[in-house]
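Observations on chain architecture
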Amino acid sequence: MTDHTSIMLNLINDLWFLKRDIVSDGYDQALFRLRDELAASGLSMIIHEYPSGEPCWTWKVPEKWTCHEAFLETLDGRRLIDYAAHPLHVVSYSLPFEGVVSREELLHHLYAHPRLPDAVPFVFKYYDRDWGLCATQNLRDSLTDEAYRVVIRSSFEPGTLKVGEMIIPGQSKQSFVLVAHLCHPAMVNDDLTGVLVGMDVMRALIARISDLQSANREQRMYYTYRLLILPETIGSVAYLSHHEPLIPDIKGGLFLEMLGNDSPHALQSSFQPDSQVDRCLSAAFRGLDPHRLYSTAGYQGPYRTIIDNDERQFNAPGVRVPMLSLSRVEAPKSTGRPPYPEYHSSLDTPAIITQERLEASRDLILGLIDAHERNQYIVNNFKGEIFCSGYGIWIDYRVNPQGHRRLFEIMERCDGEHTVADIASALDISFQAVWEIAALLESKGLVWFSRTPHSTDPKNRIAKAPNP
Ligand SMILES: [Zn+2]
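Quick look at the structure, then.

1. Some thoughts on the overall build of the protein chain
In terms of helices and strands, the protein chain carries 14 helices and 18 strands. Of all intrachain contacts in the protein chain linking residues separated by at least 6 positions in sequence, the fraction that spans at least 24 positions is 80%. Counting every atom, the protein chain has about 20,300 Å² of accessible surface; 50% of that belongs to carbon and sulfur. Across the protein chain, 45 positive and 60 negative side-chain charges occur, with their mean positions spaced 6 Å apart.

Below, the structure written as structure tokens:
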């Protein structure tokens, strides 16, 4: 077990049962703990605060919600449900309510999980004001009395929505953003796992820079990397609406969620599947071979076919940041199956996640980031086909016909108009397969890499010559 991973698991054990409703003391407590943990490793987290009522484009920040006490009792005082035993027993953002209600009325306000008879469901009503309790289906089915006593002592008051941000500055102010949400009371996989894997990715990136600094102080990653830890949806809207000048420089991003359960990785494209970030991450995902660790191969799907989350706010009109998402989802939404069996229930506990899966997800994300750093236009120093034998790079087609063909297919696209990801996407092969050839050609002085297009087509050069 690496030190980082034991930090991840320790934090999960400490934080998972907190009442992490979107604007709440429990959420703040978790965020402050993560900030302190990073500070102990010499890393800093900025905490942005947005007060209740603050406009965020078409939204506004909700009030802070606290549930002080809640229970359901029989009229002779037998307690059936108690918020003190599990935070999911009360609908998140439930109105306060106290009184004796008929069985029929109670059932309108008592939610059970549609698939898991022994689990308490996660139900939230952030914007449609009502009171509600949650129980197992088994308990709900056992209610036969005429009337019951309900007590929900909840309160709404001004507070601040908090977004944690960790930044690793690169050579460029163009950034790549990782996002995960810290809300959801007493659940783990959705989405403490995304938060902690994201933090571990940032730790690993920082560690690399420190290594590089000792060798060469000029070295930095090209892109600036940001990790945002926030409450779902409203947190993304609050951050983006208060950082509009930053948006044009966000080149792309990856939303992280559900990374501890026993399912293969699923990579979901952004709203702009032809963006460089999409092409790059998609081709790199193919080359990272995540199925080596699992019986089922990792898979990819178009925007909004695997999971819906904060990536929607980044992809939306007026923002249009190509943000993909990485999760472990059993099957696409079209199958009608839940993302994982324990989704949005009291069974989403530390028992369903493992250290190996968190580490594998972290390593996969680092591999995707490596590809993103390397994705540049390949500019030819050569004209015509390369005399491969002369450079010692010829692949004998009689011995390796596929390798021979691939070398030529990649070489003929090295024209300053295609990135590594463009070529991988056109040839339907992995990013890494193209990178291997590109790096070989570069080592022979035959190509160079450019962050911007640099066409070597003589017609383009004439066309682009300034008018006299
Ligand atoms: Zn959720």
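2. Observations concerning the nonpolar core
As a rule of thumb, nonpolar side chains are buried together in soluble globular proteins. Counting residues in hydrophobic clusters, the biggest one holds 146 residues, and the most contacted among them are Leu34, Leu254 and Ile365. For this core, the element with the highest residue contribution is helix α5 (residues 192-215), accounting for ten residues. Once residues lying within four places of it in the same chain are set aside, the contact partners of leucine 34 are Leu11, Leu15, Met45, Leu182, Val195, Leu196, Met199 and Ile229.

3. Focus: the coordination of the zinc ion
Coordination sphere of the zinc ion, protein contribution only: His184 (NE2), Asp190 (OD) and His344 (NE2), at 2.1 Å. Look at where the donors of the zinc ion fall in the sequence and you get H-x5-D-x153-H. Of this pair, aspartate 190 sits in the loop between β11 (175-181) and α5 while histidine 344 is found in the loop between β16 (323-328) and α9 (355-374), placing the two residues 154 residues apart along the sequence. Comparing aspartate 190 with histidine 344 shows no difference in burial state: the two are buried.

4. Some details on helix α11 (residues 401-411)
Looking only at α11, the buried set comprises Gly403, His404, Leu407, Phe408, Glu409, Ile410 and Met411. In this structure, the buried side of α11 is in contact with α10 (388-391), α12 (420-427) and α13 (431-443).

5. Looking at the pattern of salt bridges
According to the stated counting rule, one finds 28 salt bridges in the structure shown. Between arginine 35 and aspartate 36 there is a salt bridge; the shortest N-O distance is 3.6 Å. Looking at arginine 35, the relative accessible area reads 31%, which means it is partly exposed. The class of aspartate 36 is partly exposed, set by a relative accessible area of 43%. In this structure, glutamate 73 engages arginine 79 in a salt bridge whose closest nitrogen and oxygen atoms are separated by 3.2 Å. What makes glutamate 73 buried here is its relative accessible area of 9%.

6. Here we look at the side chain of asparagine 380
In this structure, asparagine 380 sits in strand β17 (residues 377-380). In this structure asparagine 380 comes out as buried when scored by relative accessible area, which is 15%. Reaching out from asparagine 380, the side chain makes a polar contact with the backbone oxygen of phenylalanine 382 at a distance of 2.9 Å. One polar contact links asparagine 380 to threonine 456, side chain to side chain, over a distance of 2.5 Å. The residues touching asparagine 380, leaving out its near neighbours within four places in the chain, are Cys414, Asp415, Gly416, Leu446, Val447 and Thr456.

7. Points about the packing of α11 against α13
Two elements in contact, α11 and α13, have axes separated by 10 Å at closest approach and are oriented at 80 degrees. As judged from the angle between their axes, α11 and α13 are roughly perpendicular. Here Arg406, Leu407 and Ile410 of α11 come into contact with α13, specifically with Ala433, Val434 and Ile437.

8. Re the state of the cysteines
What the rule picks out here adds up to zero disulfides. For the unlinked cysteine cysteine 67, the closest cysteine sulfur is that of cysteine 134, found at 11 Å. Accessibility expressed as a relative area gives 7% for cysteine 67, which makes it buried. No disulfide involves cysteine 388; its nearest neighbouring cysteine sulfur is the one of cysteine 414, lying 11 Å away.

9. Here's the deal with the sheet that holds strand β15 (residues 299-301)
The eight strands are arranged β1-β10-β12-β11-β13-β16-β14-β15 in an open sheet whose pairing can be described as mixed. The sheet terminates laterally at β1 (46-51) and β15, the two strands that pair on one side only. Averaged over neighbouring strand pairs, the angle between their axes works out to 20 degrees when direction is ignored. When strand β14 (residues 265-268) meets β16, the two strands line up antiparallel, connected through four bridges. Bridging across to β16, glutamine 268 finds its partner in serine 325. Its contacts with the sheet place helix α2 (residues 25-40) against β1, β10 (160-168) and β12 (224-230), and it is angled at close to 20 degrees to β10. Of the strands in this sheet, β11, β13 (250-256), β14, β15 and β16 are in contact with helix α7 (residues 276-288), which crosses β13 at around 45 degrees.

10. With respect to the packing of aromatic side chains
A full pass over the atoms with the stated rule returns 15 aromatic pairs. Taken together, a centroid distance of 6.1 Å and an interplanar angle of 90 degrees make the contact between tryptophan 394 and tyrosine 397 edge-to-face. For tyrosine 397, a relative accessible area of 43% translates into the label partly exposed. By the ring-pair criterion, three or more aromatic residues cluster together here, those being Trp59, Trp65, Tyr93, Phe122, Phe124, Tyr126, Tyr127 and Phe156.

Cut-offs applied
- Residues numbered from 1 in each chain as written.
- Predicted model: local features only at pLDDT ≥ 70, side-chain atom pairs only at ≥ 80, totals over all residues.
- Heavy atoms only, no water.
- Helix = DSSP H or I, 4+ residues; strand = E, 2+ residues; numbered from the N terminus.
- Contact = heavy atoms within 4.5 Å.
- Areas by Shrake-Rupley, 256 points an atom, 1.4 Å probe, with all protein chains shown as cover.
- Lys, Arg positive; Asp, Glu negative; His and termini not counted.
- Charge placed at Lys NZ, Arg CZ, Asp CG, Glu CD.
- Core = buried A, V, L, I, M, F, W, Y, C linked by side-chain atoms within 4.5 Å.
- Buried < 20%, exposed > 50% of the residue type's maximum accessible area, 1.4 Å probe, protein only.
- Donors = N, O, S within 2.8 Å, 3.2 Å for Na, K, Ca; no water.
- Salt bridge = Lys/Arg side-chain N within 4 Å of Asp/Glu carboxyl O.
- Polar contact = N/O pair within 3.5 Å; in protein donor to acceptor, adjacent residues only side chain to side chain.
- Axes fitted to C-alpha atoms, helices over the stretch in contact; angles between N-to-C directions.
- Parallel < 35°, antiparallel > 145°, perpendicular 65-115°, else oblique.
- Disulfide = S-S within 2.5 Å.
- Pairing = 2+ DSSP bridges.
- Phe/Tyr/Trp six-rings, centres within 6.5 Å; stacked < 30°, edge-to-face > 60°.

These figures come from the coordinates and say nothing about function on their own.
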